[in-house]
There are 2 protein chains.
Amino acid sequence: MASRKSLSEANSKPGNALHTNFDVDYVIDYRFATTNKRQAVAQFVKLIQCLNDVGLATEVRNGDNCGVLIFVKIESDMHLRAEVYRSRVQDWLYGVRTIAPEKDMKNSLEGEPIIEAERLRMVYLLITKPTNEGGAGITPKKGEWKGVESIFALHDHTFNKAWIKDIASKTYLSQRDLTAIRDRFGEKVAFYFAFIQSYFLFLAFPAGFGFCSWVLLGHFSPIYAIVNALWCVVFVEYWKKQETDLAIQWGVRGVSKIQHKRPDFKYETVVKDPITGEDVKFYSPVKRLSRQLLQVPFAIIAAFILGSLIATCFSIEVFISEVYDGPFKKILVFLPTLILTVFIPTLTVALTGFAGRLTDLENYETTDSYENAMISKIFVLNFITSYLPIFLTAFIYVPFAQIIVPRLDVFQVMVKAFAENEKQMSAPKKGFQINPDRLRNQVIYFTVTAQIIGFLMETIVPYLTRTVFRKAKEVKAKRATKNGGPPNPSTGDHQEEKAFLVRVRNEAELTTYDVTTDFREMVVQFGYLSLFSVVWPLTAVSFLINNWIELRGDALKIATQCQRPVPWRSDSIGPWIDALGFLSWLGSISSAALVYLFSGDGFGPGGDPWNIKVWGLLLTMFFSEHIYLGVQLAVRKALGKIDSPGLQKERSERFAVRRQFLQESLGQEDVENAASGDLAASKKTRGYTLEEEARESTLRGHGTPGERFWQRQQCQLETILVGKTYIEQAAPSPSRTKSKKEL
Amino acid sequence: MASRKSLSEANSKPGNALHTNFDVDYVIDYRFATTNKRQAVAQFVKLIQCLNDVGLATEVRNGDNCGVLIFVKIESDMHLRAEVYRSRVQDWLYGVRTIAPEKDMKNSLEGEPIIEAERLRMVYLLITKPTNEGGAGITPKKGEWKGVESIFALHDHTFNKAWIKDIASKTYLSQRDLTAIRDRFGEKVAFYFAFIQSYFLFLAFPAGFGFCSWVLLGHFSPIYAIVNALWCVVFVEYWKKQETDLAIQWGVRGVSKIQHKRPDFKYETVVKDPITGEDVKFYSPVKRLSRQLLQVPFAIIAAFILGSLIATCFSIEVFISEVYDGPFKKILVFLPTLILTVFIPTLTVALTGFAGRLTDLENYETTDSYENAMISKIFVLNFITSYLPIFLTAFIYVPFAQIIVPRLDVFQVMVKAFAENEKQMSAPKKGFQINPDRLRNQVIYFTVTAQIIGFLMETIVPYLTRTVFRKAKEVKAKRATKNGGPPNPSTGDHQEEKAFLVRVRNEAELTTYDVTTDFREMVVQFGYLSLFSVVWPLTAVSFLINNWIELRGDALKIATQCQRPVPWRSDSIGPWIDALGFLSWLGSISSAALVYLFSGDGFGPGGDPWNIKVWGLLLTMFFSEHIYLGVQLAVRKALGKIDSPGLQKERSERFAVRRQFLQESLGQEDVENAASGDLAASKKTRGYTLEEEARESTLRGHGTPGERFWQRQQCQLETILVGKTYIEQAAPSPSRTKSKKEL
């Protein structure tokens, strides 16, 4: 309700294309470049009919690239309100909300107004839900709707501009800022910003400590390694708590259980859910488990393929940079980097496709579980490509170089064309000196250079590409109008709408925002910090600076480079938290190994493996890991004791709900008695019934031995007298106390 | 309600002392042997008054040993029902029950009758709760009620007899049997029986596999070690699921959060609970955390004290049995065992007392958390005394004997008195042959002999002791009556009650049942299976037989040797599950080490440490542990996918509750619409409001650009026509399709 009227009131000048959305909820980009006219028209008619059938008003305008833009909004406010209310009731039925929505719909929606994210989500579901669930069933780029290129909401540029300006000017994003992000972009995106914000704040400590350590302690300091591992543990456990808290505050805890179903889900049978009584599509979890086991060979094969490629290029690089000594050396040394840059993305894409097919096979029911499974698989690929090079340097090259390098002659074939004579290509048989800076340089590359390059690739390059394409498009359009041919799509635009439609057509060309990519960056970055920062303690400083820029860069990306993301809900950052935990744990082992191997002179074993005491290495890793696990348990317990406002709120709500229920049924006074165990009330009950029962017993007479047992001392006084007699008979008088003890 | 009338109807013959309890709920044993008459009488009077004030009827009879027996029962049925109902409402308010009790107390209690355990628990709480909470405030053996020796319920011997007969005749205890135990003895005891039953059934597998392995694979087989570790993981994870399930079925899930408060809890301030609005006594959790850290030095010191004692005795035993070769050898070899048997219990008791004071210092709020903290501390002591001897043999003696034994000459002082000459006492300087069977014999001792001895100590010996004491008491009583002196307490008994009172006096002499002791036995036994069964694979067979007897022996113990336990509630087996997990994990490491050290000839390193490849050992342990952790994760995930009937029941109840709430507030039809997202209903809403809004828009006129935007194509047909035009303009005709693609 909020956005519509205010926007139209605020900016009704026709020129403000960026500041009004004309009340449009969504734009459907329908392309027909590859279908013939008749089919395209038929599809289009069906599309419009489907949309209208579910209560969406449509307007069509011309689009670029053989497409039309269909503008969609909910026809009736009442309909939207009913949908939102229905969704809130379902949340409550399935345990996502603790407090029930008010019984009166009107009051409920006045008490809890519809936020923009909720509205957009509802409309998107209305467009894409299957027809038997009440939606229009439009599935972009799939099935019968192949022609639908995308369904996107229009950016709220007023908000975006203010937002970017706001976060660019300050460092700390408060709870209110995060909730504002959630109100516009949904919980899934908001969790990302909350995470990167937390991560950024936490990075202050290793940045400071790392700097001091770099100045005072040098490289490979055990103290730094211990403090670093401790920081990793505390951060991960803290974030677990924090995301639960946020989920409760945003009212989405447990929402991953009821996320919408995948249309591709192939069910075996339809069974009746024993809980809700509804019909549920069923697919045997045992079958799925057996298919999930295929992940293991997939991971092994992927690791092998990528790993061998990286290892080969690594060996070539070592050969060229440290053995070869002929002309073109400075150019040839980039050869392996070139090979990697060409092959790694290709292989990654191929393996990702394979992972996608495998995940399809696992036949998940909800989109969330599908995405999570994909993330787990892709993480294996990321792990290999991001960390294997440094692992190779640290644990293969430095310890074993003297054995391996002489055998690298096999790579002579790479440089035969350039070398002038044999001598330049052969490795010295002994006395090979390793390059002691290789490891550090590599870490600096990954933590500084690669981050900068990544940022440029992510933010600047797409901007440039888009600007260039836009200009090219304009030029082409001008030329096309001159030479005849199909008219410029914007020629038919109404004067009022011209600027607006140009903007919409540009937004239709933008990419879809995928929050997973951004999470992946952050998690991989965390891995560098956890696994390898003992090599170069300034890692955290670099990340601190990078992340400040990253957060704002990502906000800019969402606002300007991507279509407005559909505001999906989410109750956590998903499987990334497991990835963080894993990297943190692995870091405890790898840091210990690095410290052991390289402590002292910082040069490590110098390529000679016989210098290494393997048992010492394994013992260090053993202790380091177990101390890490112990600390993790302790931190978890300690944080668990500290009550978080979110959980408190949850318990408070549940208690209030139940108390209210009691009040309505039992009456206020009884509730208080029931809850507090009031003595007076029980006394009152007792007094009343005792008389009753006393009357009954006199009527019944003396019946069983049990009843007679209880009537020998009918009142308190009798009991006291009898007892007194017993005691005085048996109790020791002061003089006889001693003799009793002896007995 | 159940027991009273039926018992009295069934067995009203006076002679059946064992088959009727005369409707007695509890017996309070008040002793005054150490207080003078006046004080004793005053205390007694106060006791009776306190009991009567809370609605308990009292009868007093004479007791043994300067004591009186006060028989207590609830005076009014109505009062009991009110108490039970109040307790159920509180359960529901605090989230322990999912379904609210019916609003009408009468209906609620008819639908859910009061079980015997519930009744007894209520009465016990009524006797012992502090006066400001509505109880009588009787704290046995503490504070002002030092004279109260014990408060116990009378055994239901009819049930006990039938119970023992029943479980002695069958092997499998069904769910019904466990629920019958819970109905009589409470959840805490029932969980023990459920656990030992599960453990027994699971033991069938390692018993069978161990037997086959012992026959076919011999000792120290890696296959056995792997299968054993896998079994441990599956059992522990299965039990975690099972205990949650049982807790839900018995309606006690989460009950540990609201268990009754410790009277010894020293609070700092009284604050208002933000959730319930009640006054809550507060003690800073940070302060408690800092005191809990004292557990670490405690564990270290206890480990050191017990460890050094055991190590010393171990060395002495090695010296005497393998170095010494003179007279009295066969007797002297028991000297260290004697030292251990004398000192270990003494030290354990002293350390347990110290642990108790430490736990008092930690100032827990509820009895449950206090007990759990004690259990954790005592587990350290148990761990040292139970497993250290075998650890010493396996990892110190066998690998290092050749270095250590020659240095054992220091123990010559022990045998100087007996030895005939120097030669018998000195160790050979080299060529010492270790006893290869020591390890296996030790394991066999712990897993067979010690179990049998423990069972005899636990069941048979107390029985004999008690019978002897009883006879002695009778003889003494006869002698005392002859010589004059205080009369036999039973002389004043009424004829009808004579047998009954003799029985009650005997029950007053019984010990209190502590389920923790039994759990400790089982967990320590599990530890042997997990840690050391590679040494002797028949371990599980021995345990299988032992546990069959143990379950029935423990039932017999409860029924005949102990006072009837107060039926406390509990929602799990407490900290023992963590102990099981720890032992299971430690087993993965220790089994791997044992297999590595002893594989091959089964004789291991033969005392010579230079035979051992330490790196190989550490590597084996490393891989074994991590594979174990991976398997544990996988098993946990797999079991998590399988829905358990208990959790399903919980979700079903919660859904039903909310649905009912909705029905009462929204009306049936609306609920179904709300829950199912009915299309027809939304269509109806839409139809109505569209007319309304159409009417409004014509009244308002054409206002903003946004509104004009949406009115250019006012109905579906217009939209379709306009879109068709666009498509036909831009879409490729079949011949032009190719050229469009090239553009």
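If you look chain A up in an unreviewed UniProt entry, it shows as Plasma membrane stress response protein-like protein from Amylocarpus encephaloides. In its Subcellular location (unreviewed entry) section, the UniProt entry covering chain A states "Membrane".

Visitor: What should I look at first to understand the overall build of chain A in this one?
Guide: A count of helices and strands for chain A gives 27 helices and 6 strands. Carbon and sulfur atoms form 62% of the exposed surface of chain A, whose accessible area is close to 34,700 Å².

Visitor: Can you walk me through the sheet that holds strand 1 (residues 26–31) of chain A in this structure?
Guide: Sheets are built from strands paired through backbone hydrogen bonds, the pairs being either parallel or antiparallel. Residue and element names in this part refer to chain A. Here 4 strands make up an open sheet; going across it, the order is 2-3-1-4 and the pairing antiparallel. The sheet is open, and its two borders are formed by strand 2 (56–63) and strand 4 (148–152), each paired with just one other strand. Neighbour-to-neighbour, the strand axes of the sheet open up by a mean angle of 20°, direction not taken into account. In this sheet, strand 4 lies alongside strand 1 in antiparallel orientation, the contact comprising 4 bridges. In the sheet register, Val27 faces strand 4, and the bridge partner there is Phe152. Helix 5 (residues 116–128) rests against strand 1, strand 2, strand 3 (67–74) and strand 4 of the sheet, and its axis sits at about 35° to strand 1.

Visitor: Just to check I follow, could you spell out the packing of aromatic side chains for this structure?
Guide: Aromatic ring pairs: the centre-centre distance and the angle between the two ring planes describe each pair. Considering all chains together, one arrives at 86 aromatic pairs over all chains under this definition. Summarising the aromatic geometry, the rings of Trp231(B) and Phe235(B) are spaced 5.6 Å apart at their centres and angled 5° between planes, so their arrangement reads as stacked. You can see Trp231(B) and its partner Phe235(B) sitting in helix 8 (residues 222–249), 4 residues apart, about one turn around the helix. Assessed through its relative accessible area of 0%, Phe235(B) is described here as buried. Sitting above the plane of the Phe159(A) ring, Arg184(A) keeps its charged end 4.4 Å from the centroid. Its end group placed over the ring of Tyr397(B), Arg438(B) keeps NZ or CZ at 5.0 Å from the ring centre.

Visitor: Is there a simple way to think about the sheet that holds strand 2 (residues 56–63) of chain B in this case?
Guide: Residue and element names in this part refer to chain B. One open sheet accounts for 4 strands, arranged 2-3-1-4; its pairing is antiparallel. Both edges of this open sheet fall to strand 2 and strand 4 (148–152), since each of them pairs with a single strand only. Ignoring which end each strand starts from, the neighbouring axes of this sheet average 20° apart. As judged from the 8 bridges shared by strand 2 and strand 3 (residues 67–74), these two strands associate in the antiparallel manner. If you follow Ala57 over to strand 3, its bridge partner there is Lys73. Here helix 5 (residues 116–128) sits on the sheet in contact with strand 1 (26–31), strand 2, strand 3 and strand 4, set at roughly 35° to strand 1.

Visitor: Just to check I follow, could you spell out the UniProt feature "transmembrane region" (unreviewed entry) in chain A for this structure?
Guide: All names here are of chain A. The UniProt feature table records "transmembrane region" (unreviewed entry) at residues 189–216, 222–239, 296–320, 332–358, 379–405 and 443–464. Each end of residues 222–239 is marked by a C-alpha atom, and these two atoms are 26 Å apart; helix forms 100% of the span and strand 0%. Secondary structure across residues 379–405 comprises 96% helix and 0% strand; the distance between its end C-alpha atoms is 32 Å.

Visitor: I'm lost on helix 2 (residues 37–53) of chain A in this one. Help?
Guide: Helical geometry note: an α-helix holds 3.6 residues per turn, so side chains three or four residues apart project in the same direction. Residues and elements named next belong to chain A. Taking 1.5 Å per residue, 17 residues should reach 24 Å; helix 2 reaches 24 Å between its end C-alpha atoms and fits that length. Where helix 2 is concerned, the buried positions are Ala40, Val41, Gln43, Phe44, Val45, Leu47, Ile48, Cys50, Leu51 and Asn52. Backbone geometry just after helix 2 places Gly55 at a positive phi near 90°.

Visitor: Sorry if this is basic, but what is going on with the side chain of Ser590(B) here?
Guide: Tracing the backbone through its elements, the reader meets Ser590(B) in helix 20 (residues 576–598). What Ser590(B) contacts, discounting residues up to four positions off in sequence, is Phe391(B), Phe395(B) and Leu531(B).

Visitor: So what exactly am I meant to see when it comes to the pattern of salt bridges here?
Guide: Once their charged atoms are close, side chains differing in charge can pair, the charge on each being opposite to the other. All names here are of chain B. As enumerated under the stated definition, the model contains 55 salt bridges over all chains in all. The partner of Asp368 in a salt bridge is Lys188, with the nearest N and O atoms 3.9 Å apart. Separated by 180 residues along the polypeptide, Asp368 in helix 13 (residues 367–404) and Lys188 in helix 7 (residues 175–216) bring together distant segments of the chain. Exposure remark for Asp368: the relative accessible area of 14% places this residue in the buried category. With a shortest N-O distance of 3.0 Å, Glu237 and Arg636 are connected by a salt bridge. Here Glu237 is found in helix 8, whereas its partner Arg636 is found in helix 21 (residues 614–641), with 399 residues between them in sequence. Of the residues examined, Glu237 reaches a relative accessible area of 6% and is grouped as buried. A residue is classified by how much of its surface remains accessible, and Arg636, at 40% relative accessible area, is partly exposed.

Visitor: Quick question: what am I supposed to make of unusual backbone geometry here?
Guide: Of all residues except glycine, most have a negative phi; of all peptide bonds, most are trans. Even without glycine at this site, Phe22(A) takes up a positive phi of about 55°. At Asn363(B), a position not held by glycine, the phi torsion is positive, near 60°. Structurally, Asn363(B) can be placed in the loop between helix 12 (335–362) and helix 13. Given the relative accessible area of 5%, Asn363(B) is considered buried.

Visitor: Is there a simple way to explain the pairing of strand 3 of chain A in this structure?
Guide: Within a regular strand, the side chains alternate between the two sheet faces. All names here are of chain A. Counting buried positions along strand 3 yields 8 of 8 residues, so the element is predominantly enclosed. Here strand 3 shows no split at all, with Gly67, Leu69, Phe71 and Lys73 on one side and Val68, Ile70, Val72 and Ile74 on the other all buried. As paired strands, strand 1 and strand 3 are joined by 6 bridges and run antiparallel to one another. Among the inter-strand pairings, Ile28 is bridged to a residue of strand 3, identified as Ile70. In sequence, strand 2 turns back onto strand 3 through a hairpin of 3 residues, with Asn65 there showing a positive phi of about 55°.

Visitor: How should I be thinking about a positive patch on the surface in this particular structure?
Guide: Residue and element names in this part refer to chain A. On the surface, Arg470, Lys471, Lys476, Lys478, Arg479 and Lys482 cluster together into a patch of positive charge. Relative to the assigned elements, Lys478 resides in helix 16 (residues 438–483). Take Lys478: its relative accessible area is 54%, and that puts it in the exposed class.

Visitor: Which parts of the structure should I look at to understand the nonpolar core?
Guide: Note that soluble globular proteins tend to have their nonpolar side chains buried in a common cluster. Grouped together as the largest cluster of nonpolar side chains are 120 residues, with contacts concentrated most on Trp163(B), Phe193(B), Tyr199(B), Tyr387(B), Phe526(B), Phe532(B) and Ile573(B). Of all the elements, helix 13 of chain B adds the most residues to this core, at 18 residues. Setting aside residues up to four positions removed in sequence, Trp163(B) forms contacts with Ile181(B), Phe185(B), Phe193(B) and Ala555(B). By size, the runner-up hydrophobic cluster in this structure holds 112 residues, among which are Ile167(A), Ala194(A), Cys232(A) and Ala579(A).

Visitor: Explanation requested: the environment of Ala117(B) in the structure shown.
Guide: All names here are of chain B. Examined against the element boundaries, Ala117 turns out to sit in helix 5. For the pair formed by Ala117 and Arg569, sequence separation is 452 residues and the distance between their alpha carbons is 9.2 Å. Those residues in contact with Ala117 that lie beyond four places of it in its chain are Arg182, Asp183, Arg184, Gly186 and Pro567.

Visitor: Quick question: what am I supposed to make of the packing of helix 2 of chain A against helix 26 (residues 716–730) of chain B here?
Guide: A pair of packed helices is characterised by two quantities: the angle between their axes and the separation of those axes. Two elements in contact, helix 2 of chain A and helix 26 of chain B, have axes whose closest approach is 10 Å; the angle formed by their N-to-C orientations is 150°. In terms of orientation, helix 2 of chain A lies roughly antiparallel with respect to helix 26 of chain B. Here helix 2 of chain A runs over helix 26 of chain B; the crossing is right-handed. Taken together, the residues of helix 26 of chain B that come into contact with helix 2 of chain A (itself represented by Lys37(A), Ala40(A), Val41(A), Phe44(A), Val45(A), Ile48(A), Gln49(A) and Asn52(A)) are Gln716(B), Thr719(B), Ile720(B), Gly723(B), Lys724(B), Ile727(B) and Glu728(B). Looking at the contact of helix 2 of chain A with helix 26 of chain B residue by residue, the classes come out as 7 nonpolar, 5 polar and 3 charged.

Visitor: How do you make sense of the confidence of the model for chain A when you look at a structure like this?
Guide: It should be kept in mind that the predicted coordinates are not to be read in detail where pLDDT is low. Residue and element names in this part refer to chain A. Mean pLDDT over chain A works out to 80, with 84% of the residues at or above the 70 mark. For the stretch residues 1–15, pLDDT sits under 50, and the model shows 18 contacts to residues farther than four places along the chain or on other chains. Segment residues 735–743 is flagged for pLDDT under 50; beyond a separation of four residues in sequence, or across chains, it makes 8 contacts in the model. Scored as a complex, the prediction yields pTM 0.83 and ipTM 0.78.

Visitor: Please explain the environment of Gly55(B) as it appears in this structure.
Guide: If you trace the backbone, Gly55(B) turns up in the loop between helix 2 (37–53) and strand 2. Judged by relative accessible area, which is 0%, Gly55(B) ranks as buried.

Visitor: Honestly, the side chain of Thr516(A) in this entry has me stumped. Any pointers?
Guide: Within the secondary structure layout, Thr516(A) lies in helix 18 (residues 515–532). Thr516(A) has contacts with Ile375(A) and Trp576(A), leaving out every residue within four places of it along the chain.

Visitor: Explain a nonpolar patch on the surface to me, please; I cannot follow it from the model alone.
Guide: Residues Val614(A), Trp615(A), Leu619(A), Phe623(A), Ile627(A), Val614(B) and Trp615(B) make up a contiguous nonpolar surface patch of about 660 Å² in total accessible area. Of all the elements in the fold, those that place two or more residues in the nonpolar patch are helix 21 (614–641) of chain A together with helix 21 of chain B. A per-element tally of the nonpolar patch places helix 21 of chain A first, with 5 residues. As for its position among the elements, Trp615(B) is in helix 21. Residue classification places Trp615(B) among the partly exposed positions, given a relative accessible area of 44%.

Scoring rules and cut-offs
- Residues numbered from 1 in each chain as written.
- Chains lettered and ligands numbered in written order.
- Predicted model: local features only at pLDDT ≥ 70, side-chain atom pairs only at ≥ 80, totals over all residues.
- Heavy atoms only, no water.
- UniProt positions renumbered as here; feature names shortened; annotations may be inferred.
- Helix = DSSP H or I, 4+ residues; strand = E, 2+ residues; numbered from the N terminus.
- Areas by Shrake-Rupley, 256 points an atom, 1.4 Å probe, with all protein chains shown as cover.
- Pairing = 2+ DSSP bridges.
- Axes fitted to C-alpha atoms, helices over the stretch in contact; angles between N-to-C directions.
- Contact = heavy atoms within 4.5 Å.
- Phe/Tyr/Trp six-rings, centres within 6.5 Å; stacked < 30°, edge-to-face > 60°.
- Buried < 20%, exposed > 50% of the residue type's maximum accessible area, 1.4 Å probe, protein only.
- Lys NZ or Arg CZ within 6 Å of the ring centre and 35° of its normal.
- Expected span 1.5 Å × (residues − 1).
- Salt bridge = Lys/Arg side-chain N within 4 Å of Asp/Glu carboxyl O.
- Patch = residues over 30% accessible without salt bridge, like charges linked within 9 Å, V, L, I, M, F, W, Y side chains within 5 Å.
- Lys, Arg positive; Asp, Glu negative; His and termini not counted.
- Charge placed at Lys NZ, Arg CZ, Asp CG, Glu CD.
- Core = buried A, V, L, I, M, F, W, Y, C linked by side-chain atoms within 4.5 Å.
- Parallel < 35°, antiparallel > 145°, perpendicular 65-115°, else oblique.
- Left-handed = near helix turned anticlockwise from the far one by under 90°.
- Nonpolar A, V, L, I, M, F, W, Y, C, P; charged D, E, K, R; others polar.
- pLDDT = per-residue confidence, 0-100.

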